[in-house]
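Per-entry structural report
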Amino acid sequence: MLDKTYRPGAVETKHYERWNESGAFACGQNKNAEPYTIVIPPPNVTGSLHIGHALNNTLQDILIRYERMRGRDALWQPGMDHAGIATQMVVERQLDEAGTSRKEIGREKFIETVWDWKAESGGTIFGQLQRLGASCDWSRERFTMDEGLSDAVRKVFVDLYNEKLIYKDQRLVNWDPKLQTAISDLEVQQQEVNGKLWYFNYPVEGEKDRFLTVATTRPETMLGDTAVAVHPDDERFKDLIGKYCTLPLVGRRIIIVADEHADPEQGSGAVKITPAHDFNDFEVGRRHDLEMVNIFDIEARINENAPQKYRGMDRFEARELIVADMEAAGFLDRVEEQMHTVPYGDRGGVPIEPYLTEQWYVDAKTLAKPAIEAVEQGKVKFVPANWDKTYFEWMRNIQPWCISRQLWWGHQIPAWYGPDDEIFVAHSEAEALAAAEAHYGKATPLRQDEDVLDTWFSSGLWPFSTLGWPEQTPELERYYPTDVLVTGFDIIFFWVARMMMLGIHFMGEVPFRTVYVHALVRDASGQKMSKSKGNIIDPLDLIDQFGGDALRFTLASLAAPGRDIKLSQARVEGSRNFATKLWNAARFCEMNECAPVANFDPESCTQTVNRWIVGEVARCSRDISKSIEAYRFNDAAQTIYQFIWGSFCDWHLEFSKSLLNSDDIAARDETRAATGWAMVQLLRMLHPFMPFITEELWTHFGSDGEGMLIVEAWPEFGDALDDEASRAEMDWVIGLITGVRSVRSEMNVPPAARIPMLLTGANETSRNWLSRHEALIQRLARLDKVTTGDAIPEGAVQLVHGEATAALLIADVIDIAQEKARLQTAITKSEGEIGKLEKKLGNAQFLAKAPESVIEEQRERLSTTQSTRTKLADALERLSTVG
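Here is a short report on the structure shown in this document.

Here is what the cut-offs are and how they apply
Residues numbered from 1 in each chain as written. Predicted model: local features only at pLDDT ≥ 70, side-chain atom pairs only at ≥ 80, totals over all residues. Heavy atoms only, no water. Helix = DSSP H or I, 4+ residues; strand = E, 2+ residues; numbered from the N terminus. Contact = heavy atoms within 4.5 Å. Areas by Shrake-Rupley, 256 points an atom, 1.4 Å probe, with all protein chains shown as cover. Lys, Arg positive; Asp, Glu negative; His and termini not counted. Charge placed at Lys NZ, Arg CZ, Asp CG, Glu CD. Phe/Tyr/Trp six-rings, centres within 6.5 Å; stacked < 30°, edge-to-face > 60°. Lys NZ or Arg CZ within 6 Å of the ring centre and 35° of its normal. Axes fitted to C-alpha atoms, helices over the stretch in contact; angles between N-to-C directions. Parallel < 35°, antiparallel > 145°, perpendicular 65-115°, else oblique. Nonpolar A, V, L, I, M, F, W, Y, C, P; charged D, E, K, R; others polar. Pairing = 2+ DSSP bridges.

What follows concerns the overall build of the protein. A count of helical and extended segments in the protein gives 29 helices and 29 strands. In terms of principal-axis extent, the alpha carbons of the protein reach across some 105 × 65 × 55 Å. Taking the contacts inside the protein whose residues are at least 6 apart along the sequence as the reference set, 78% of them involve residues at least 24 apart. Approximately 38,700 Å² of the protein is accessible, and the part contributed by carbon and sulfur atoms is 46%. Taking the average place of the 96 positive charges on the side chains of the protein and the average place of its 134 negative ones, the gap between the two points comes to 4 Å.

Set out below in structure tokens:
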């Protein structure tokens, strides 16, 4: 017997352990089945479950459970990323607390310490994902630093190097002076700061009292200036092109070049060019073959390439002194206060520097060409489709990919240097030594490159390295390419693009057929979650409070393609209430002996209400399948929600009460069997969304205690159970009851009051339906009596229903005049609110300054208020017909 109350905490762990121990998550159980593969976006080994993870993995699990039930050989490949910078920082903090440091203990001991930390504390997120119900094949768990994946990384590096697609070059990188490493664009956060714009006068060589005025937010970089750029069409400076300025404080002659990078409309029209410390200036420098003067060391202190006076100074100390010296020398034109954007390293927490340094690069432009063609030719599709524009924009403008990092934790670059710095790239040290011996003619000691590879390099191999590549394993042959990648929009370029490039290059085929890009989870008011705002929602807290199913269903129901999710605790509580509704329906079935019957044939039902519900089950199954396969998770969730809460609980169970208590044994037994059958089918349909409660109820309704719902088949019925006649009849009944209830609510009819209803203008079919379901309609619509006729009596409010009109006699139970006044007051209030909102949304200043989330919230309020006003007006108009 089911408990009176559903308690998620009492069943979720039990069922998860049962699934896992039984091997239900494992792939390869049906060799004849069509494979279906998803690779999990590998969370950082340092990570813990945040709400974005919860959304991403809920959607993946819905797909995997659905396809598993459809008979596919489903593999959800799990694994973790070694997270170079993040992990190194965690362990370095621990060493600092212990009174030592990475450099004190040395590289070998440090890496050993990281592995020890990983064994003890890494991977917390996997246990948290299990609380969410993630049905990954944990027996196949991989780690980007495990032996097999490390082999794959080395092979890819060596092969690309031999193909001249990996090379060393001096280019600008994002340099984190605190961590002393290059970092990727994804690890850079742009922050708005109150700063200054300094205008400096650079003397034109050979022209007394003539200056070029340049502006900068970073005065310290002037020490590395090697040119001034002006636009080639700017008449003010055409006579200066090819001439020189003298760089103040340094004395260096710097050429005046014509370049379209200079904007005549910005500032003075002249731009200082510092090729070694600005990404745009670097490109100008390459176009004009300018000298590149690096003035910083790895800690962003002024180095030996600057005048003695500034050497060794921190960049910001140097800034103050340089401004003072420029002013003293008469070269400071003016200073303006300015709000501008400064790039910060998200880990180091300090401003990053564009820094000229030698690094390893991948020729991304060459690798991008087939990856672009794959999307152009439809081999890979993005959902929503508009994300392919973002993909093309990035890929068609791709720059060389910096893959080296100045860290110790990660895949050490498989390159060794001879005594003359000759490079030997090899799969192993032994192979490199052999190559060196052949090169030098004798055994020669080598030193390995100390840098490690960018984390995205190894994760870019994820779809095929996790399946055993470079070995040609059965799993690789069977499960590659994967079917769908579920990911956030922020890593389309950093991860998706790299998987596309490397997958096509090494496997000859795209790594996945579909990329589903989900939106961002925001707070209830549409604000982005952040620690500083204090609005972070912890998914584990929600699971503790409402259960894993409630969180999953909420996220799925809000996952509309292309629309950010506004999450609130109230929404999750609503999903918990949905679970409670289902639990209570199951208890009703149990108490009324509604259970599945062996060999029950739903096509054999004779009772209209039973023919209707089995048809609704079949229709619901089809609609959910269509929505899931179109990645419209919100539509799928809404379909099953409306079916369970509405069709099954609110209507079918209410309709069936008279049959379940009937003296007609055949009708009673059929209703019990049909209701039990429908219950079992809805558990199957709901399972991908709410696996825990459905598995618990399955032990009571769908099995003998041994079987598991997770391995049951998805309900597919075709159109054999569709009965348009019974559907039309029951929809008519439901529509009439709903309409009467709506009128009662609009007119403030007391709930206990039973009122008469007269149906006029009804055709023969409608009169027959009314006669057949009269008792039911009276009970559920709280009607005193139901009759048919031709004339609308006085004191009646009218409700159009199909071709007929229902007249509800309410004059005796409400004060008509008072009700009209109430409605008019509510309409006036709504109109005032509409006016305010329309004025605000018509204000150009508000639209320019307000965050998009706030604007969207105001638009939604306007739409809701307008809808409310329309309903109130309709109610007043209806009331005006009462005689």
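Picking up where we left off.
Summed over all chains, the structure comprises 38 aromatic pairs. In textbook terms, an aromatic cluster arises when at least three aromatic residues are bridged by ring pairs, as seen for Phe 157, Tyr 161, Trp 360, Trp 401 and Phe 457. Geometry around Trp 19 places Arg 65 over its ring, the cationic atom sitting 4.4 Å from the centre. The ring of Phe 392 is capped by Arg 396, whose NZ or CZ atom sits 4.2 Å from the centre of that ring.

A few words now on the packing of helix H11 (residues 387–396) against helix H16 (residues 492–507). Interaxial distance between H11 and H16 falls to 11 Å at its minimum, and their mutual angle equals 75°. Here H16 runs roughly perpendicular to H11, going by the angle between their axes. Touching Trp 387, Tyr 391, Trp 394 and Met 395 of H11 are Ile 492, Phe 493, Ala 497, Met 500 and Met 501, all from H16. Residues belonging to the contact of H11 with H16 are distributed by class as follows: nine nonpolar, no polar and no charged.

Let's shift gears to the sheet that holds strand E28 (residues 796–801). Read across the open sheet, the four strands follow the order E27-E26-E29-E28; overall the sheet is mixed. The strands lining the two open edges of the sheet, one partner per strand, are strand E27 (783–789) and E28. Strand-to-strand twist across the sheet, computed as the mean angle between neighbouring axes with direction ignored, equals 20°. Bridging between E28 and strand E29 (residues 804–809) involves six bridges; their strand directions are antiparallel. Looking across to E29, one finds that Leu 799 is bridged to Ala 806.

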